2 protein chains.
Amino acid sequence: VITDPGGLAIGVDVGGTKTLGLVVGPSAQVLCELRRTTFQGQLRDGGARVVADLVALLEALHEEAGLSLGAHPIGVGLPGMVDRSGRLVYAPNLPSASSSSMLELLQEALGAPLSLENDANCAAVAEHVLGAGRGHGDLLMITLGTGVGGGVIHGGLLFRGGRGFAGELGHMVVEADGPACPCGARGCWERYVSGTGIERMARQATEEGRLEPGAAGASLRAAELASLARLGDDAARGIFESAGWWLARGLANLVGLFDPTCIVLGGGLSDAVEFMLPTIEAQLPPMLEGAALHPVVELHPAAFGERAGALGASLVARRAP
Amino acid sequence: VITDPGGLAIGVDVGGTKTLGLVVGPSAQVLCELRRTTFQGQLRDGGARVVADLVALLEALHEEAGLSLGAHPIGVGLPGMVDRSGRLVYAPNLPSASSSSMLELLQEALGAPLSLENDANCAAVAEHVLGAGRGHGDLLMITLGTGVGGGVIHGGLLFRGGRGFAGELGHMVVEADGPACPCGARGCWERYVSGTGIERMARQATEEGRLEPGAAGASLRAAELASLARLGDDAARGIFESAGWWLARGLANLVGLFDPTCIVLGGGLSDAVEFMLPTIEAQLPPMLEGAALHPVVELHPAAFGERAGALGASLVARRAP
């Protein structure tokens, strides 16, 4: 039970597999933490099950911390396109809640106001305000996980775009005749630099005999590949170098478009970032417009791991009018 | 001679081949116009010649309109990366002035204050405030010419990025193994959708016998190709369809990143836009994230032709603090 509840805020990050809830103190310290499995079913219930799960988590979190629901700002990060009215317009990783008016449903079920935002946008706010991007008013946050997410900070504020959908980086096409993506396009950035993309490259390397197959002859997961790279395995390192080149290629596009002074790399694939960072640091500067004439763009691994989204959601809630 | 000089502003657009100066009235009417050839030499004079030419044009323009230099705001659009201090950091199409402190040099030579901005950013401001993008706070302006330029409006303001370089759209790589670009990369968007890109596709079609060669056996220019398309030539129309597909592909990337509610297509290639627009209108919506679930993004040909940059520069000057 938290004895001094002054300046607390609640942040929740609804991930593709798990949902994390935090009670965050006035200097952003995590005071209480709760984790639940995210409902992934294809129910056509207009988001009712996801809403019920979220309300249950929020109630449990408040109870565990000895707080009253509604007494402190609540922010929720969702995996998908959240519009300015709080509608979850499209969310392939939260199918049963896709196309539903999440803000309205959640506030009604909870009986308390809250703020909704895209999950990667929340992570960007956390890294900008408290993390690796502190002091940079123009910042790009890239979350590398199963897919690739992103958040853009401009002039110290979240860049939301016209509808609230800005910063959807994963499906930027970088090779129009590249491998097919479930989204329908070919050569999305995500096909090269996400966990899925890296596993695709590992599978290809295994098929071509450049990489030993995994335990049961299965192809290697990104985390196993990172362990191999840590042991000095050349083939594994080569795959991360290749992914690093693609990361640099996409980042060069994004620097030309958004002109950040700093890029923060985070997400579930953080373990693998160390093997890609040297390649990115070498390849990115000559790819920028003007090359040597282009001012330096700082590159940093994220300060917050898997908590960035929930922490950022609590900050978004704090800032909400 | 302009008899009522109240609320006038001066706008200059320094293009790759010519420079256009305008005296613009309070309701954005063009009151006086002057055109000069842009100095394109490779002199290592730190921009002195370009500055002298600009001062001469501004003096002549003021004299012709009967105005005193310094009495009205002056805005200048430059083809290249202009940083927030007014330095022209990199300008491949204005080589002798590249890397020089243009704002300082110009103000000193002119003896009057002025505003500097990237040329495509100026065009975006013109279309946003007065043109085809009126009423859209989040707008993307694409200028199709020899190359491809862009300007982004967010929340009714020019999106400048951290250094002032944001919106460099032409060198967004959309096909990492595509044709080589003078910038050093491969598969820049510009290789497909600019005048140069369309001429490249026409040359390829001629070589493959799908398109009749031009007058002297030379490959066709984009304008000739547009004339052929207007006459119903299938091969010419096919090339614009192909360019239209690439335009849609790049625009889909940009919509995911910037989330505009409106896209304005302009620039020197405006004549050809009519042959690409039907393809873009058909191809873009299914390429957007969420496809049918994605709110409509309006597409409009620019309202201002070759004057957009200079007109926008006058508006930038008016808004300057």
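These notes cover the structure that comes with them. (Residues numbered from 1 in each chain as written. Chains lettered and ligands numbered in written order. Predicted model: local features only at pLDDT ≥ 70, side-chain atom pairs only at ≥ 80, totals over all residues. Heavy atoms only, no water.)

### Describing the overall build of chain A
Broken down by element type, chain A carries nine helices and 12 strands. The C-alpha radius of gyration computed for chain A amounts to 20 Å, which stays within 12% of the reference 20 Å derived for 321 residues, consistent with globular compactness. Each of the three principal axes of chain A carries a C-alpha extent, and together these read 55 × 50 × 35 Å. The buried share of chain A, taken over its 321 residues, is 57%. Across chain A, every contact between residues at least 6 apart in sequence was considered, and the portion connecting residues at least 24 apart equals 61%. Total accessible area computed for chain A in this model is approximately 12500 Å², and 51% of it derives from carbon and sulfur atoms. Taken together, the 22 basic and 34 acidic charged side chains of chain A have centroids lying 3 Å from each other. (Helix = DSSP H or I, 4+ residues; strand = E, 2+ residues; numbered from the N terminus. Rg over C-alpha atoms; globule rule 2.2 N^0.38 Å. Buried < 20%, exposed > 50% of the residue type's maximum accessible area, 1.4 Å probe, protein only. Contact = heavy atoms within 4.5 Å. Areas by Shrake-Rupley, 256 points an atom, 1.4 Å probe, with all protein chains shown as cover. Lys, Arg positive; Asp, Glu negative; His and termini not counted. Charge placed at Lys NZ, Arg CZ, Asp CG, Glu CD.)

### Let's talk about the relation of the copies chain A and chain B
Superposition of chain A onto chain B requires a rotation of 180° combined with a translation of 0.0 Å along the rotation axis, giving an RMSD of 0.0 Å. What we have between these two chains is a two-fold relation. Taken together, the interface assignments show that 100% of the residues at the interface of chain A recur at the interface of chain B, consistent with an identical surface on both copies. (Least-squares fit on C-alpha atoms with pLDDT ≥ 70 in both.)

### Points about helix α6 (residues 222-230) of chain A
Residues and elements named next belong to chain A. Listed as buried for α6 are A222, L225, A226 and A229. The buried side chains of α6 occupy one side of the element, clustering within an arc of 105° when seen end-on. On its buried face, α6 sits against α5 (195-207), α7 (234-258) and α8 (270-287). (Arc of directions from axis to C-beta.)

### Re the sheet that holds strand β9 (residues 148-154) of chain A
Residue and element names in this part refer to chain A. Strands sit in the order β10-β9-β8-β11-β12 across an open sheet of five strands; the sheet is mixed. The open sheet is flanked by β10 (157-158) and β12 (298-301), the only strands paired with a single partner. Relative to β10, β9 runs antiparallel, the two sharing two bridges. Bridge pairing in β10 places H154 opposite L157. (Pairing = 2+ DSSP bridges.)

### Considerations on the packing of α7(A) against helix α7 (residues 234-258) of chain B
To describe two helices that pack against each other, one gives the angle between their axes and the distance between the axes. Axis separation between α7(A) and α7(B) bottoms out at 12 Å; the angle between their running directions is 65°. Between α7(A) and α7(B), the angle falls in the class roughly perpendicular. Handedness of the crossing formed by α7(A) with α7(B): right-handed. Each of A:L254, A:L257 and A:F258 in α7(A) lies in contact with α7(B), whose residues at this interface are B:L254, B:L257 and B:F258. (Axes fitted to C-alpha atoms, helices over the stretch in contact; angles between N-to-C directions. Parallel < 35°, antiparallel > 145°, perpendicular 65-115°, else oblique. Left-handed = near helix turned anticlockwise from the far one by under 90°.)

### As for the side chain of A:T261
Along the chain, A:T261 turns up in the loop between α7 and β11 (262-266). The class for A:T261 is buried, based on a relative accessible area of 15%. At a separation of 2.7 Å, a polar atom in the side chain of A:T261 contacts the side chain of A:H136. Those residues in contact with A:T261, other than ones at most four positions away along the chain, are A:H136, A:D138, A:V296, A:V297, A:E298, B:G162 and B:R163. (Polar contact = N/O pair within 3.5 Å; in protein donor to acceptor, adjacent residues only side chain to side chain.)

### Considerations on the interface of chain A and chain B
With 44 residues of chain A in contact, the opposing surface of chain B contributes 44 residues. Between chain A and chain B the total buried area reaches about 3700 Å² when both faces are included, carbon and sulfur atoms providing 59% of it. For the chain A face of the interface with chain B, the top three residues by lost area are A:R163, A:L257 and A:E289, together amounting to 19%. Counting the contacts that link chain A with chain B gives zero salt bridges. (Buried area = accessible area lost by both parts, 1.4 Å probe. Salt bridge = Lys/Arg side-chain N within 4 Å of Asp/Glu carboxyl O.)

### A short note on the environment of B:I239
All names here are of chain B. With respect to the helices and strands, the residue I239 is situated in helix α7. Separated by 41 residues in the primary sequence, I239 and I198 place their C-alpha atoms 7.2 Å from one another. The contact partners of I239, leaving out residues within four places of it in the chain, are I198, M201, A202, A205, L211 and L225.

### So, the sheet that holds strand β12 (residues 298-301) of chain B
Residues and elements named next belong to chain B. Across the sheet, five strands lie side by side as β10-β9-β8-β11-β12; this open sheet has mixed pairing. Strands with a single pairing partner mark the edges of an open sheet, and in this sheet they are β10 (157-158) and β12. For strand β8 (residues 139-144) and strand β9 (residues 148-154), the ladder comprises six bridges, and the chain directions are antiparallel. Bridging from a neighbouring strand, M141 pairs with G151 of β9. Helix α3 (residues 119-129) rests against β8, β9, β10 and β11 (262-266) of the sheet, and its axis sits at about 50° to β9.

### Some details on the pairing of strand β2 (residues 18-24) of chain B
For a regular strand, side chains alternate in direction, first toward one face of the sheet and then toward the other. Residues and elements named next belong to chain B. Extensive coverage of β2 is indicated by the burial of six of its seven residues. Pairing analysis gives six bridges linking strand β1 (residues 9-14) to β2, with the strands arranged antiparallel. The partner of V12 across the bridge, within β2, is G21. Where β1 folds back on β2, the antiparallel hairpin that results is connected by three residues. In this sheet, strand β3 (residues 30-37) lies alongside β2 in antiparallel orientation, the contact comprising seven bridges. Its bridge partner being in β3, K18 is matched across the sheet by T37.

### Regarding the packing of aromatic side chains
Taken as a whole and assessed by the stated rule, the structure comprises 12 aromatic pairs over all chains. Taking the centre distance of 5.9 Å and the plane angle of 75° together, the rings of A:F159 and A:F258 count as edge-to-face. Taken together, the positions of A:F159 in the loop between β10 and α4 (190-193) and A:F258 in helix α7 put the pair 99 residues apart, joining distant regions of the chain. Look at A:F159 and you get buried, because its relative accessible area is 1%. In this structure an aromatic cluster arises from ring pairing among A:F159, A:F258, B:F159 and B:F258. Positioned above the aromatic ring of A:Y192 is the side chain of A:R200, whose terminal nitrogen or guanidinium carbon lies 5.2 Å from the ring centre. (Phe/Tyr/Trp six-rings, centres within 6.5 Å; stacked < 30°, edge-to-face > 60°. Lys NZ or Arg CZ within 6 Å of the ring centre and 35° of its normal.)

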